[in-house]
Amino acid sequence: MAVNDNDLHILRDIGFAVKPGESIAIVGASGSGKSTLLSLLAGLDSPSKGEIYLDGEPIHQFNEEQRAQLRGKSVGFIFQAFMLVQSLTALENVMLPAELAGKDNAKQMAEELLERVGLGDRVSHFPNQLSGGEQQRVAIARAFITKPKILFADEPSANLDGKNGHMIEDLLFELNQQYGATLVLVTHDDKLAGRCERILRMCDGELTETEQGSQTNVV
Amino acid sequence: MWFKLALRLFKRELGRGELTIIAIAITLAVLSVFSLSSVSSRIQDAILQKSASFIAADRVLQSANALAEDYFADAPLDGLRQAKHITFSSMVFYNDELQLAGVKAVTELHPLRGQLVLSDSPFGEQTRLKGAPARGEVWVSRRVIDVLDIAVGKELEVGAAKFKVTGVLIEEPDSGFNPFNQNPRVMMNYADVPMTEVIQPGSRITYRYLFAGEEDNVKALTDWVEPQLLDNQRWYGVKDRQSPVTNALERAESFLLLAGLLGVILAAVAIAVAAQRYCQRHYDPVAIFKTLGASSKQVRQIYVTHLIFLTLMSVIAGLAIGYGIQSVVFEMVKDFLPKPLPELGAKPFVMAVVTGISCSLMFSLYPLLQLFNIPPLRVLRRNEGDMAKNNWGYLIVSGLTVFLLMWGYSQSLKISATLFIVGATLIVVLLLVSRLFVNAGRAIGVRPSNPFHLAMASIKRRVRANSVQLITFTIAIHLLLSLSILKNDIIGEWQNQLPKDAPNHFLANVTGAELAEVKKLLTQQDIHTEGLFPIVRGRLVGVDDERLIQFVSKEKEDKSDAGGRQGIGRELNMTWRSDLPKGNEIAEGQWLKADSKAEVSVESKVAERMDIKLGSNLTFLIGAQEYKAKVTSLRTVDWNTMQPNFFMIFSDDVLANFPATYITSFHVSDEQKQPLNKFLRDYPTIMVIEVGAIIGQIQSTIDQVSIAIEFVLLIVVIAGVLVLTAQVQASIEERQQEIVILRTLGAKGSLIKNAVMLEFLMIGVIAGVMATIATEILLAVLQTQMFSMDIAIHWDIWWMGPVIGGVFVASVGLLSTVKLLTRNTSQMLRSVNM
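In short, a report on the structure. Source: prediction; values computed, not measured.

Summed over all chains, the structure comprises 25 salt bridges over all chains. Here Glu92 of chain A ties to Arg8 of chain B by a salt bridge, and the two come within 3.6 Å at their closest N and O atoms. Placement of Glu92 of chain A in helix α3 (residues 90-100) and of Arg8 of chain B in helix α1 (residues 2-14) is noted, with the two residues assigned to different chains. Classification of Glu92 of chain A as buried rests on a relative accessible area of 10%. Salt-bridge contacts for Arg135 of chain B lead to Asp192 of chain B; the nearest nitrogen and oxygen are separated by 2.5 Å. Of this pair, Arg135 of chain B sits in the loop between β5 (126-129) and β6 (137-141) while Asp192 of chain B sits in the loop between β9 (185-189) and α4 (193-196); the two residues are 57 residues apart in sequence, bridging distant segments of the chain. Residue classification places Arg135 of chain B among the exposed positions, given a relative accessible area of 52%. Since its relative accessible area comes to 0%, Asp192 of chain B is described here as buried. Overlapping salt bridges, with partners in common, bring together Glu92 and Glu99 of chain A together with Arg8 and Arg12 of chain B in one network.

This part is about the side chain of Arg113 of chain B. Position of Arg113 of chain B relative to the elements: it lies in the loop between β3 (97-106) and β4 (116-119). Polar contacts involving the side chain of Arg113 of chain B include one to the side chain of Asp58 of chain B, which spans 2.7 Å.

A word on the nonpolar core. With 141 residues, the main nonpolar core has Ile26 and Phe152 of chain A together with Ile22, Phe289 and Tyr303 of chain B as its most contacted residues. For this core, the leading source of residues is helix α6 (residues 244-281) of chain B, giving 19 residues.

Counting residues at the interface gives 29 residues for chain B and 39 residues for chain A. Buried area between chain B and chain A, summed over both chains or domains, comes out near 3100 Å², and the portion from carbon and sulfur atoms is 63%. In this assembly, chain B and chain A are joined by 4 salt bridges. Applying the counting rule to chain B against chain A returns 7 residue pairs in polar contact (both at pLDDT 80 or more). Broken down by secondary-structure element, the contributors of at least two residues to the side of chain B that touches chain A are α1, α7 (283-291), α8 (296-333) and α22 (825-833) of chain B. Tallied by class, the residues present in the side of chain B that touches chain A amount to 13 nonpolar, 7 polar and 9 charged.

Attention shifts here to a nonpolar patch on the surface. Residue and element names in this part refer to chain B. On the surface, Leu761, Val765, Val769, Ile773, Ile777, Val781, Ile793, Trp795 and Trp798 cluster together into a nonpolar patch covering about 820 Å² of accessible area. Residue assignment for the nonpolar patch shows that the elements contributing at least two residues are α20 (749-785) and α21 (795-822). With 6 residues, α20 is the largest single contributor of residues to the nonpolar patch. You can see Ile773 is positioned in helix α20.

Parameters at a glance
Residues numbered from 1 in each chain as written. Chains lettered and ligands numbered in written order. Predicted model: local features only at pLDDT ≥ 70, side-chain atom pairs only at ≥ 80, totals over all residues. Heavy atoms only, no water. Salt bridge = Lys/Arg side-chain N within 4 Å of Asp/Glu carboxyl O. Helix = DSSP H or I, 4+ residues; strand = E, 2+ residues; numbered from the N terminus. Buried < 20%, exposed > 50% of the residue type's maximum accessible area, 1.4 Å probe, protein only. Polar contact = N/O pair within 3.5 Å; in protein donor to acceptor, adjacent residues only side chain to side chain. Core = buried A, V, L, I, M, F, W, Y, C linked by side-chain atoms within 4.5 Å. Contact = heavy atoms within 4.5 Å. Buried area = accessible area lost by both parts, 1.4 Å probe. Nonpolar A, V, L, I, M, F, W, Y, C, P; charged D, E, K, R; others polar. Patch = residues over 30% accessible without salt bridge, like charges linked within 9 Å, V, L, I, M, F, W, Y side chains within 5 Å. Areas by Shrake-Rupley, 256 points an atom, 1.4 Å probe, with all protein chains shown as cover.

Structure representation (structure tokens):
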């Protein structure tokens, strides 16, 4: 697999499969290509060569519209920088994917999820009125509202202090367990990676080893 | 679903800067177009209608012969009112006294525009009316009463018929304005003319056919009449006549047009700047929407809905405010305007709505297209989709829109193309100059503890953004300066032309014997004049060796001096004088000296028309004798001054031995009127012409036009302020991240504030200087090409431009920065993260 970016091969010779319900971690140093891999796996970008199947669909053949449709239907996201829409409240941010998908009970589901992540009393706050940890909890609630089959998390706790980071990690694994989603986690934190069933290590755009996670299915 | 989301986002965004600016800008564009095309054009219509009273109609067909009965049989006369009158000179008699009178025979509807002022005694109560004297009756001017010693109720002989005098004619709207040789008026009914038997073959008679109605109908008739005009016929409207009013109107029209155009363009720039900023700020949300599964269609729907909401809101607001303003303005000026007021019509609405929609669409189109193309990948790669492509497409679309707006608005390809090309050239020059300025700053080193160095560093870092900013600032300041200067120049020139103490009386036909008494009266009453001008009447019969008759037709000259003064070919009023009269300037040659012999100074337009050159020898017939005089100077004359003006001014020796009458003009206050009238009753042959009414009309016209101009300027100022604010706001947000970093690193609020303020101050001052230079250049072009005024350097703006630029840009910048600084650092860090 390769991404043509100024004729630079960022990823090459990568091949692996993730089973439904499995949790995998992609680890590696900064610049090793793990975020690029994530963008391709999640259908945010398309490869110049190679094949990617997401939920059985050949997304390397999809155009942006088809990929967006698939993302809306089957994929959830959690980002290092939270990526909340600043002009929408916590509740509205959580409702967003459900609304885009045309679901009727978006508000009720969002309220339940916010309650679930412990922000039941902060539904009408705007992102800049929330702490980093709270913002990421909103993002987690948002990721699960469409009951995605696969969840992509990009350094979910990297922007948070230790305590908040752990809380977020716990919440992520907890909900993932509960919703039975496949989890693809990108991190440079070996400890966090260790909480996944499988670890893929990236180095200079290549997958150097795969290993079993030390703690599988931690709840 | 998307609609709810769009609505929600829209409501939230309304509180933030860009949408407000876009909304205000669209509102302003709509408002200015609406109010311009309703208020000012209605005021103009009203003024035009009012000034139409100067010719008592909207259009007049003047003919030296009576037209055939069925002349107008096939003419498009729908919706037009008609009247006609005949004017001729005739002796009138009463009790063996006789007087040459200017007889005017009118039909019942005369005057179509304006009113007659009538009284039952020379100084009795006055009534305003339209209409003609009844059959067998005449109305006469005061002078007829004075000279013939006749009274109302007595019978006056005109030609072969006798008429009962039933009124004193104080004022007629179309009396014209000819202080020379105006015979006292006798007005009679059109149907009575045959009774007088004065109209014989060869009589000098002028027939005038008057028309008034809607402009469209008048235009239709114009199109019908003009192709069949004969040499001795003229078709004219009030605008065809060179008078102070038409000059004022034309300048005001040009100014309003220009100002309205610039207002709309400024509003469009504000929209463009704010829309660009709005869209940039939505790059992240759009990337998030797409990541979360939104289709391109959904994204488009959301933002197009925003644009539609915003446009609808703003257009409605613009129309509502515009309607309110025009109601208020009309309430204020309705007393000055003739009734009924012209209808508002649908045109202002249509024009305003079209302008609002095209501004909002065309200037936000390109930023929106870029927004729609933001890839979802931006959620991971934070600068994905940032302005990488060049903006040629946007430039072309915007430029084309500006041009089309200008064209549609001015209805003149020439004006819009000229302004557009000048504007585009200006922008290119400014771009180069601003780069130069900014690059010059590179020489200065950076020490972060000093706000000046921080500011310079900041300017250097954003060379490209700053150039754009500098241009926007420069253009906005430039337009504001230009318009306000132009406004002052125009209004100032009008006021100079007709100061409050402009002469309102002419005294003519003063004989040499009466001269001393008149001078005494003027001294006693402390009345200032430009002197008493002697008049000798004569004919210009030859230029060099050529006799004149062959190459000057009467019609030609009639067309060119429509003000009603006698022209060349007929008898001329000639004077002699050793000092140059006020309002006269020597264009060529030397003004007469005290010892000049047989010399003449000729008015330059007449000279041009008659092909008279400096050094030409002119031959005049005065009485029965021919005299020659050499042309030693050509003069330009300001005919708009209310004082006697002359085509020919001689050296003392030529005319001094001829019996002369004298003429002068002066301002008389209400208190001075009584003694003046008393004096005049003792000297019935002295002719007095009151022009106070005409001056009053001109002054009120100028007042109204000034209101329209001030109003338009206000709108343009608001548009300019909006552009500046939009631009400062946009660049403040760009600085946000930097401010946060400086703040986080412990920089004092005052250091940041001072640095930002200095940066904006410098940009503002530079923009001000460039705007000032551009303004002087533009004004020179406009004043000479569009307003036929003289070039003048405007020293005021050399400090005003930079000061206004610096202070305004710095204060808006500072205000926005202070707002940023009041938020705590972590809050800012969070919003910058997003």
